[in-house]
Amino acid sequence: MEVSVNAMCENSFRELGERYLSLHVSHTKQLDQKLISEKKCLDSLDWAAQRIKIVPAEMKSFLRLNGLLQDSANYHLMTEGKFFRAQLALAAAHLNSLDEKTALQLACVTEFTHNASLVHDDIQDQDETRRNRAAVWKHYGANNALLLGDLLLSKAYEMLGMLGMRHYRGPRLIGLLGEKIALLIQGQSDELESQGDLTLPLQTYERIALCKTGALLSFPVEAALILSGVQEIECGRVNQIFGRFGVAYQIHDDIIDLCALNKGRDLPGSDLREGRVSAVILKFWQQSSPPVQKQFETFFKDEQSRRDPEQLAHWVNALANTKALEACFQYLTDTLANCRQEAAELPDPLSSFMLLVISQLEKRFQPELEMLT
């Protein structure tokens, strides 16, 4: 069935991918190419890139587990992700003149928390694959996956407590991590509550993305500012910038769901097949006439219809025949522009650092040419 779906929709998916690539190339040419040359910031990013390879081993050595829990932890951590949250922690710590041990521990805390959220989200979203392999809950069962997620969170707090005691900042750091985890939970709850709601306001969509993605991007930078005792007053503004970037990250992920033929996780169009609202689907809904909206809603809310190759192909083609992709890409670029503007208003060297980080993260949005082959 999935092969049939892919074959029937391939031309539309390919067209969307080509249009997205064209939009990205055009946008890149228009960007101001004035790179911030603050040597201290560049040195911090380079230092983080060199030290990132140490983080996975540090995490595994701190777990100290036995039995099935150890097996499931090894299984999940064996397929390492991009670790850009950990790299952000390392760079922020280095920028603020924190020692290497502190930087590595902060990176581990960030990754423990992030991976816990991935394990739990896969259970709730019923996503069967993660990083090209069966998700932990699919391989070891939901009960073991729940325990692993809880354990990773406990290890994040344990390590952060040790880190905070050494720098006499324990209560402030524990409070910060608790705040970020609460945001993650709220975002997941709101997402589950609004799943399939085609009338979802963009403001609600943004709030969900801010909570689920922005919170953990912001945490390591805020934590580094707190640990250093310098520019802690800027934590609120850093949080706001990363919250906005979290929205951009989610918009990009929604675009890639339709525009990449080789995501490494699912076939293209998984949001449509699973009845999950995305930025592209919301833009398509908003651009459609009332009769089309009614027909699409009937399709979108019925699992049997979404799994039918002909009906899915019809709606992928219908979406490709609108400017929903272009509208969504404009939404993405406007959000990124606001991130850069807010970062530029911070005091240096934090301003230069945040602009460089945004630039580095934005490079991850570059379409892969092989997705069209």
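Look up: the structure comes first, before these words.
The structure displayed is predicted, hence computed values, not measured ones.

Peer 1: Describe the overall build of the protein, naming the residues involved and giving the relevant values.
Peer 2: What the protein contains, in helices and strands, is 18 helices and two strands. Taken against the 2.2 N^0.38 rule, which gives 21 Å for 373 residues, the C-alpha radius of gyration of the protein at 21 Å falls within 12% of a compact globule. Based on the C-alpha atoms only, the size of the protein along its principal axes is roughly 60 × 55 × 35 Å. Expressed as a percentage of contacts within the protein between residues at least 6 apart in sequence, the contacts between residues at least 24 apart total 79%. Entry remark: accessible area of the protein is about 16,700 Å², with carbon and sulfur atoms responsible for 51%. Side chains of the protein carry 39 positive and 49 negative charges; the gap between the two charge centres is 4 Å.

Peer 1: Mind laying out unusual backbone geometry, listing which residues take part and the relevant values?
Peer 2: Cis geometry marks the peptide bond from Asp-348 to Pro-349, where omega comes out at 5 degrees. With respect to the helices and strands, the residue Pro-349 is situated in the loop between α17 (324-344) and α18 (350-363). With a phi angle near 55 degrees, Arg-131 is a residue other than glycine that sits in the positive phi range. Here Arg-131 lies in the loop between β1 (129-130) and β2 (133-134). The class of Arg-131 is partly exposed, set by a relative accessible area of 22%.

Peer 1: Lay out the packing of helix α11 (residues 235-259) against α18 with the relevant residues and their values.
Peer 2: Relative to each other, α11 and α18 sit at 15 degrees, their axes nearing to 12 Å. As judged from the angle between their axes, α11 and α18 are roughly parallel. For α11 against α18, the interelement crossing comes out right-handed. Residue-level contacts link Val-238, Ile-241, Phe-242 and Phe-245 of α11 to Leu-350, Met-354, Val-357, Ile-358, Leu-361 and Glu-362 of α18. For the contact of α11 with α18, a count of residues per class yields nine nonpolar, no polar and one charged.

Peer 1: Requested: an account of the pattern of salt bridges, with residues and values cited.
Peer 2: Counting across every chain of the model gives 20 salt bridges. Taking the shortest distance from any N to any O, the salt bridge between Lys-155 and Glu-158 comes out at 3.1 Å. Of the two residues, Lys-155 and Glu-158 both sit in helix α8 (residues 142-167), three residues apart, roughly one turn of that helix. Take Lys-155: its relative accessible area is 9%, and that puts it in the buried class. By sharing partners, the salt bridges in this structure join Glu-15, Arg-19 and Glu-326 into a single network.

Parameters and conventions
Residues numbered from 1 in each chain as written. Predicted model: local features only at pLDDT ≥ 70, side-chain atom pairs only at ≥ 80, totals over all residues. Heavy atoms only, no water. Helix = DSSP H or I, 4+ residues; strand = E, 2+ residues; numbered from the N terminus. Rg over C-alpha atoms; globule rule 2.2 N^0.38 Å. Contact = heavy atoms within 4.5 Å. Areas by Shrake-Rupley, 256 points an atom, 1.4 Å probe, with all protein chains shown as cover. Lys, Arg positive; Asp, Glu negative; His and termini not counted. Charge placed at Lys NZ, Arg CZ, Asp CG, Glu CD. Buried < 20%, exposed > 50% of the residue type's maximum accessible area, 1.4 Å probe, protein only. Axes fitted to C-alpha atoms, helices over the stretch in contact; angles between N-to-C directions. Parallel < 35°, antiparallel > 145°, perpendicular 65-115°, else oblique. Left-handed = near helix turned anticlockwise from the far one by under 90°. Nonpolar A, V, L, I, M, F, W, Y, C, P; charged D, E, K, R; others polar. Salt bridge = Lys/Arg side-chain N within 4 Å of Asp/Glu carboxyl O.

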